[in-house]
Every structure is written in structure tokens, then in C-alpha cells.
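Analysis of the macromolecular model
Residues per chain, in single letters:
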2 protein chains.
Amino acid sequence: MKAVKVFCPGTIANVSCGFDVLGLCLDSVGDEMIVRKSDVPGIRITKIEGADLPLETKKNVAGVAALAMLKEITFEGGFDIEIYKKIKAGSGIGSSAASAAGAVYGINALLGNPFTNAKLVEFAMQGEALASGAPHADNVAPALMGGCTLVRSYTPLDVIALPTPSELYATVVHPQIEVKTADSRAILKHNVTLKKAIQQWGNVGGFVSGLFLNDYDLISRSLEDVIVEPIRSVLIPYFKTVKVATKNAGALGSGISGSGPSIFALSKGADTAHKVADAIHDIYKNSEIKFDIHISKVNPKGCKVLPL
Amino acid sequence: MKAVKVFCPGTIANVSCGFDVLGLCLDSVGDEMIVRKSDVPGIRITKIEGADLPLETKKNVAGVAALAMLKEITFEGGFDIEIYKKIKAGSGIGSSAASAAGAVYGINALLGNPFTNAKLVEFAMQGEALASGAPHADNVAPALMGGCTLVRSYTPLDVIALPTPSELYATVVHPQIEVKTADSRAILKHNVTLKKAIQQWGNVGGFVSGLFLNDYDLISRSLEDVIVEPIRSVLIPYFKTVKVATKNAGALGSGISGSGPSIFALSKGADTAHKVADAIHDIYKNSEIKFDIHISKVNPKGCKVLPL
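Residues numbered from 1 in each chain as written. Chains lettered and ligands numbered in written order. Predicted model: local features only at pLDDT ≥ 70, side-chain atom pairs only at ≥ 80, totals over all residues. Heavy atoms only, no water.

Residues and elements named next belong to chain B. Between its terminal C-alpha atoms helix 10 (residues 270–284) stretches 21 Å, which fits the 21 Å expected from 15 residues at 1.5 Å a residue. Taken together, the buried positions of helix 10 are occupied by T272, A273, V276, A277, A279, I280, I283 and Y284. Along the axis of helix 10, the buried positions cluster into a sector of 160°, meaning they face one direction only. Opposite the buried face of helix 10, at more than 90 degrees from it, the exposed residues are D271 and K275. (Helix = DSSP H or I, 4+ residues; strand = E, 2+ residues; numbered from the N terminus. Expected span 1.5 Å × (residues − 1). Buried < 20%, exposed > 50% of the residue type's maximum accessible area, 1.4 Å probe, protein only. Arc of directions from axis to C-beta.)

So this is what it looks like as C-alpha cells:
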């Protein structure tokens, strides 16, 4: 195989209670990427459509992730990468992670899959580090592994694939205001109260249990963030209104997707996910804010090869 | 049924990563209690053997738990309770919880089980409040429900029964020094760093996943407490030595049982649990500290009725 076309899915990191550890993979929104083997060593970004991003390999997240991988490959040639961005940069649904994950997934496919998903996550994290200043796995892990994932530990990296209830849907609204990941991290407090931390890890345990038990009600009760959401949500217009309206429309719960500004809501079943989308639409349609709404089943597979 | 004899198991709260939320139930160590229906309204503690505890109902954890229950019962009579303590008070393996749980379990049995386990946990928590100054559920929940439990939330109370891997054993050493729960809580810091809180909730998610996946290795990796253990362990002689020795003997991990001073280690299988006990014995036998060691399968049932 000389070339491969890859679907690079969007992802929701944190999932309310699991700041920096939980993530889930989307189905209906993602980039595409074509990766080609080349006789010329190194990594080249040959084309980017849909976003104004740097072509210089070391300044591009896909490039950096691919370079990290190349260091551990004996292959003498190189790879050319074309990126077709569909996830907006800065949306909070893992735009940079999709690029980083897609690049290493594509190269791995071209080489006959020598690396495990866990190893691909490590490479892709290098791309994430370029984008956000720190090597995070809570978007690249679900992008590569699909479904819901838990980053139990970063040192050493230990990512757990969680089960994905088959009727779990996400509705995501991206209000098109700019919130940079680095800024969004900077406003977080260094310390939290032990009391709130206990609430949070009770909810992480509850959410994980809910996935294993296929218990949507328990998932719903666990979708609560007492630490990060109260701080970050002030950056997002209509956040509280969306939270109330999505719950009234039947959502299991909602929260900030990654570092925002996108807001996600989880629902049981496609019908509810559509009703939730309608409720969100009604809130933003009369505002001056441009917005996109995505409705997506939770994607159990992650990155996948598309017909070229 | 006029009278019932109850086995009231010891429990391990916190289980390293899950401060205030996780707990598990022991099998080989527990109190016994006889609860008798009486025509005389109210609750009376008629006998206590094995410990110097108050007979006055309102000053006794079993009494307080039973009184909390009595408020929601239409039964016109009362109950007499005999307590045979085998779990040492202040040991850190849920001595007060066993009394509180046993009392409400026994009364429920005599009344034909009108209350759910979840409701019994609420009553028993009132007894715990007397013992430790705050109504905690991380011992009474596993004592009543058996196995491993997660207190997802206190407001409202939401306790999740987690699966119990069939080969999960606990080895517990009780070094007989006095550490009062209230004192042990007082030395905790009000604030924790967000970084450590993230590590902790990653481990809670990992531990819960390990139970559902029957993955002893994941359970082992998740048995880590970066928040409470570093502070409380200084109160427990030989703690670090025990931690190293139990790991070397094959334990999955170890930590402080509840607020201490007992130390628990979890193992896969009875053989390893015995080797772990031997390793602990070798540490304390040459010290001046009196100690008990318990080896117990994780008890999937919790409180149970014994033949009278």
C-alpha cells in the first residue's frame, strides 16, 4: 500500500467529571487525511484545505506527531501528508488531536500496523503538546481507540478502553467565539478543595460504572463537574441556558467539551439527541454568535481507513 | 421471628485511591449481634461483650443507627440489642460501622425487610456520625451491601454496588496503636493540588474499571493514593516497610485501611494473601507493638443472619 485515506474523528475530552482523564469519540464530525509513502526521508505536509495552518512540519501537529513516530521506525523513506480539515481549530472538539491521531494512524496503516494503539497515543500526544503546551491524551486516546477512554495515568501512560453503550449520542454546539486551550488552562486554579475533589472522583467512579453497567441513569447522575466547569463556563455565552434547555429536552447531562467553547450534551438515543439539538438551536439562532451543531453517535472505532 | 443473630463484617474504607468513596467488605473478621423484638418501645443496648463501649442508646453507634431507623417505622414495640465486639474499636476496619450496620440489618430482618439496602445505609450513617463526627458511608455501605462499593454522592446519597472479582483477598494488619478517626481527619489538608486530584480520579476510574474487567493488573496499578496516604501514613509505625514487603510478597497493592492504623493489602488468591501476611508478621514480630493480622476473601454478601 502506497497511500491511505484516513477519517480522523472529533472527540470530547473531560466529559464533565473527568478533567484530563476521560474522553469520547465522535462519528459524524472529523477531518480527512491522505498519507503517502515517499522515497524521500522525513515528513512533509503537502497540502492543507479547510484551515489556515502551518505547512512547516515542525509547526504542524500532524507533522510533529509523525516525526515522533518516525524516530522509532526503521523505514528509510518518508511520508507526505494532505490534510482536509473539517473540525474547526479552537472549537474544543479535538481539532489538533484529530490531525495528530490521523497522521500516526495513517502511517501505521501504511507500515502494516507495527504499533499498538497505546503506542500511537504516545506519538500523537507529541502533536498535542505543540497545540496546547502540554502532552495531553484525553483527545488523542478516544480519537485512536474509539468509544470512551480513561487516561488512568500519564507517568507511565496507561489508557483504558471503556465500554460504549450502544445508544449513547452526543449533541455538540460550537459557538464560534475564540477560546484558546492555553488561555483556558491558565484560568484554572492550582488548588482545589478536598471536598470538591472527592465529589469529582465519586462522579468519575460513577460515570465509569455507568458505562460498564449500561446504566444511562447513573451516567446522567455522574455528569457533573464541580471543579472546572464553574470556572471555564463564564467564557462561554449562553452556557447555563444551554445546560438547562438540554436537560429539559431529555439530555442525560451536558458540559464543556474539552477546553471549550463547544458545549456537549449526552443523550440516550438519536431522537433525544435531535431534540437536544433543536433546543440548542433555539438559543443561539437569535444571538449574533455563529454556531455549528453536530449530532453524533459515540463512535466505537476511532480513526478509520476510507476508500481512496 | 422474635430474635435474630447477625454477623456484622469489618470493612476497608477508601481502598487507597478512593478516599471517602470506595469501600470493601471483609469476611473473616466481624462482630456478632443479637437483636430481639420487645413490647417496650425504644432501643436498648442490653449487653456489650469484647469492648468497653457505652450502653446508653444515644451514645452507642448501634443505638443511634437503630433510633434513626425507628423514626421511620410504625412498629409499636422496640428492640433490645446485644453486641459481641470482635473488631477492635479504633482499628480502622470499620468497628463502629459494623455495629451500626448490624443493628439496622437485624431490625430490618425482624420486620420482614421493609427497607432497601440503600435506606439501611442512610440509617447506619447516623451511627457513624456519632463515632467520627461526620456521617460517612464508605464503611457502612460495604458492610450492608457486601463486595466493593462506591459512594458516588452524599447529597443525595447514591451508592453503587461494584462487582467483586472472585479471587480478591485482603490481608489486614492492625498495629495496636491509637489513631482516632477525628484526629486522623483533622491532619488532612483542606486543599489539594489539581494535579494530584487528577491522578487520584484517574486511579478511581482505573480501580472501578479493574473490578468490572476482572483485571487484577489494572486493580494493582490503580491502588495508589497520592493525597491522603502521604499525610496519614506518618502516624503508622512501619508503614513504608509494610508497603514494600507486601508488594515483594506479591500483593496487588496496599494502603491505609480507613483512617488507620490498620494497613491493608489486596492480593489475587488466598496463597498470596497468606504470603503477604507472613511478610507483615516478620516486620512487627520484633517490634514492641502488639498486632493482629486478618486474612479475608472480599465478602460479596455483607451482613448476614447467623443461626441463633
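With that settled, consider the UniProt feature "domain: GHMP kinase C-terminal" (unreviewed entry) in chain A. Per the UniProt entry, the sites bearing "domain: GHMP kinase C-terminal" (unreviewed entry) are residues 211–285 of chain A in this numbering. Secondary structure across residues 211–285 of chain A comprises 52% helix and 13% strand; the distance between its end C-alpha atoms is 34 Å. (UniProt positions renumbered as here; feature names shortened; annotations may be inferred.)

What follows covers unusual backbone geometry. Omega for the peptide link from T155 of chain A to P156 of chain A comes to 0°, which places this bond in the cis form. Along the polypeptide, P156 of chain A turns up in the loop between strand 5 (148–154) and strand 6 (157–162). Here G260 of chain B and P261 of chain B are connected by a cis peptide whose omega angle stands at 5°. Tracing the sequence through the fold places P261 of chain B in the loop between strand 9 (253–256) and strand 10 (263–268). A positive phi angle, near 70°, is found at Y238 of chain B, a position not held by glycine. Inspection of the secondary structure puts Y238 of chain B in the loop between helix 8 (229–232) and helix 9 (239–248).

Taken together, the contacts link 37 residues of chain B with 37 residues of chain A. Looking only at chain B, the three residues that lose the most surface to chain A are R152, L194 and W201 of chain B, adding up to 27% of its buried area. Linking chain B with chain A are two salt bridges. The salt bridge involving D158 of chain B is made with R221 of chain A; its shortest N-O contact spans 2.6 Å. Linking chain B with chain A are 11 residue pairs in polar contact (both at pLDDT 80 or more). (Contact = heavy atoms within 4.5 Å. Buried area = accessible area lost by both parts, 1.4 Å probe. Salt bridge = Lys/Arg side-chain N within 4 Å of Asp/Glu carboxyl O. Polar contact = N/O pair within 3.5 Å; in protein donor to acceptor, adjacent residues only side chain to side chain.)

Glancing now at a nonpolar patch on the surface. Together, I187, V234 and L235 of chain A give the surface a local cluster of nonpolar side chains, amounting to about 260 Å² of exposed area. Topologically, V234 of chain A is positioned in the loop between helix 8 (229–232) and helix 9 (239–248). (Patch = residues over 30% accessible without salt bridge, like charges linked within 9 Å, V, L, I, M, F, W, Y side chains within 5 Å. Areas by Shrake-Rupley, 256 points an atom, 1.4 Å probe, with all protein chains shown as cover.)

All names here are of chain A. Across the sheet, four strands lie side by side as 9-10-7-11; this open sheet has antiparallel pairing. Strands at the two margins of the open sheet, each flanked by one partner only, are strand 9 (253–256) and strand 11 (291–297). In this sheet, adjacent strand axes meet at a mean angle of 20° when their direction is disregarded. (Pairing = 2+ DSSP bridges. Axes fitted to C-alpha atoms, helices over the stretch in contact; angles between N-to-C directions.)

Residue and element names in this part refer to chain B. A rise of 1.5 Å per residue sets the reference length of helix 2 (residues 95–110), with its 16 residues, at 22 Å; its end C-alpha atoms lie 23 Å apart and thus fit the reference within 8%. The element helix 2 is extensively covered by neighbouring structure, given that 15 of its 16 residues are classed as buried. One or two residues past the end of helix 2 sits G112, with phi positive at roughly 85°.

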